[in-house]
Amino acid sequence: MTDGEVIRMEHVWTAFGDNLVHRDISLSLARGQILGLVGASGCGKTVLMREMIGLQTPTQGQVWLLGESLAEADARRRQQLRNRCGVLFQGGALFSALNVFDNIAFPLRELKALDEELIAHLVCMKLAMVGLGAADALLMPAELSGGMVKRAALARALIMEPEVVFLDEPTSGLDPVLGEEFVTLLGQLHRELGFTVVMVTHDLDTLSDLCTCVAVLAGQQLVSYGTLDDAIACTHPFARDFFHGKRAQRILGRHD
Ligand SMILES: Nc1ncnc2c1ncn2[C@@H]1O[C@H](COP(=O)(O)OP(=O)(O)OP(=O)(O)O)[C@@H](O)[C@H]1O
């Protein structure tokens, strides 16, 4: 693994019983990139992302995160590496029994190393960063709009100042305006904080406006891994449908 590499996968195969999900996947992601991972529903995007964070072990093959082999790291070391990553799962995945403040504070409290005054300060900073107010901190997840859930979940994903942020369909469930706002916010935070992003998305606007690198997963393999132009030029039927449908041509018109 080279110095600038944040994630490396080599010859990764994943199977659940007879269900072969990944067939010989290799990739390398450099620091500061924003990777968009696209593919049909159920093709194994989330599983691939979970393998990158060490939440799941491939059936075969090797994964390195932040320069370390996950296969060689023990459970404690894997947790330490995960602490350097922020994760936003599909649907926001806030704890429904905790208010926004306690949700964002949760990873800090788990460390058992910071006093409550410092935690409050850090939480307020992150709330402001994602455009939520102090009053929002006292709301329960059920009282939030979809856009607020995403912002609160992003604040929680960023609370440990992560080097890598993993986002599973961050704009799903948002209307187009809120989706665009979220993408703008993410781009702004990426410029300010310089983290690396791995993002599962079906959203062409996000791919074209934000992603510096695009991976297309189809037929259990990465059929394209490179720029958006590479993905658009890919001749695999999934990529052709995805990047050359009517909607895609409207959004990606300038690439054709
Ligand atoms: N823990 C598991 N046990 C058995 N099968 C699993 C497990 N996790 C995922 N799978 C299977 O692996 C395949 C890929 O699932 P995954 O959630 O990664 O797809 P996806 O591309 O993220 O889908 P979507 O876009 O619908 O979220 C599916 O067939 C799923 O049923």
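Criteria and thresholds
Residues numbered from 1 in each chain as written. Predicted model: local features only at pLDDT ≥ 70, side-chain atom pairs only at ≥ 80, totals over all residues. Heavy atoms only, no water. Phe/Tyr/Trp six-rings, centres within 6.5 Å; stacked < 30°, edge-to-face > 60°. Helix = DSSP H or I, 4+ residues; strand = E, 2+ residues; numbered from the N terminus. Buried < 20%, exposed > 50% of the residue type's maximum accessible area, 1.4 Å probe, protein only. Contact = heavy atoms within 4.5 Å. Salt bridge = Lys/Arg side-chain N within 4 Å of Asp/Glu carboxyl O. Patch = residues over 30% accessible without salt bridge, like charges linked within 9 Å, V, L, I, M, F, W, Y side chains within 5 Å. Areas by Shrake-Rupley, 256 points an atom, 1.4 Å probe, with all protein chains shown as cover. Pairing = 2+ DSSP bridges. Near = heavy atom within 4 Å. Polar contact = N/O pair within 3.5 Å; in protein donor to acceptor, adjacent residues only side chain to side chain. Core = buried A, V, L, I, M, F, W, Y, C linked by side-chain atoms within 4.5 Å. Axes fitted to C-alpha atoms, helices over the stretch in contact; angles between N-to-C directions.

K.L.:
Even after reading the chapter, I still don't get the packing of aromatic side chains, so can you show me in this structure?
P.N.:
Enumeration over the complete set of coordinates arrives at three aromatic pairs. Relative to F106, the ring of F95 lies with its centre 4.7 Å away and its plane at 55°, an arrangement referred to as tilted. One end of the pair, F95, is in the loop between β6 (85-88) and α3 (100-111); the other, F106, is in helix α3, with eleven residues separating them in the sequence. Where F238 meets F242, the ring centres are 5.5 Å apart and the plane angle is 25°; that geometry is what we call stacked. Taken together, the residues F238 and F242, both in helix α9 (residues 237-244) and four residues apart, mark about one turn of the helix. Note on accessibility: F238 and F242 belong to one class, buried. Ring-pair connections join several aromatic residues into one group, and the members of that group are F238, F242 and F243.

K.L.:
What is the right way to look at the side chain of T171 in this model?
P.N.:
Mapping T171 onto the fold places it in the loop between β7 (164-168) and α6 (176-193). If we skip the residues at most four places from it in the chain, T171 touches G179, F182, V183, D203 and T206.

K.L.:
Where do I start with the pattern of salt bridges in this structure?
P.N.:
As a working rule, side chains carrying opposite charge can pair if their charged atoms are close by. Under the definition given, this model contains nine salt bridges. Here R109 ties to D102 by a salt bridge, and the two come within 2.9 Å at their closest N and O atoms. Judged by relative accessible area, R109 falls into the partly exposed class, the value being 30%. One network of salt bridges, in which partners are shared, links E5, R8 and E10.

K.L.:
Teacher, can you tell me more about a nonpolar patch on the surface here?
P.N.:
Taken together, L111, L114 and L118 make up a surface patch of nonpolar side chains, about 210 Å² in accessible area. Mapping L111 onto the fold places it in helix α3.

K.L.:
Hey, could you run me through the pairing of strand β2 (residues 19-30) in this one?
P.N.:
Look at any regular strand and the pattern is simple: side chains alternate between the two faces of the sheet. Bridge count for strand β1 (residues 5-16) against β2 is eight bridges, and the pairing is antiparallel. Directly across from R8, in β2, lies its bridge partner S28. The antiparallel pairing of β1 with β2 creates a hairpin that spans two residues between the two strands, and G17 there sits at a positive phi of about 60°.

K.L.:
Quick question: what am I supposed to make of the site of the ligand here?
P.N.:
In the vicinity of the ligand, 14 residues are found, and the nearest of them are S41, G42, K45, T46 and V47. In the environment of the ligand, an oxygen atom lies 3.1 Å from a nitrogen or oxygen atom belonging to the backbone of C43. With respect to the ligand, the side chain of K45 contributes an N or O atom lying 2.8 Å from an oxygen atom. Alone, the ligand offers 640 Å² of accessible surface; in the complex the protein occludes 60% of this. Among the elements of the structure, β2 and α1 (45-53) are those that each provide at least two residues to the shell around the ligand. With three residues, the single largest contributor to the shell around the ligand is α1.

K.L.:
Explanation requested: the nonpolar core in the structure shown.
P.N.:
Buried together is how nonpolar side chains tend to be arranged in soluble globular proteins. Judged by nonpolar contacts, the single largest core of 52 residues is most densely connected at L154 and F243. Among the elements that line this core, the one with the most residues is helix α5 (residues 146-158), at six residues. In this structure, F243 is in contact with V38, L204, L207, V214, V216, L228, A231, I232, A248 and L252, ignoring residues within four places of it in sequence. With 28 residues, the next largest nonpolar core counts C43, L70, V200 and L217 among its residues.

K.L.:
How should the sheet that holds strand β8 (residues 196-200) be read in this particular structure?
P.N.:
Here we have six strands laid out as an open sheet, ordered β6-β7-β8-β3-β9-β10, and mixed in their pairing. The open sheet has two free edges, formed respectively by β6 and β10 (221-226), since each of these has just one partner strand. In this sheet, adjacent strand axes meet at a mean angle of 15° when their direction is disregarded. Note: β6 against β7, four bridges, orientation parallel.

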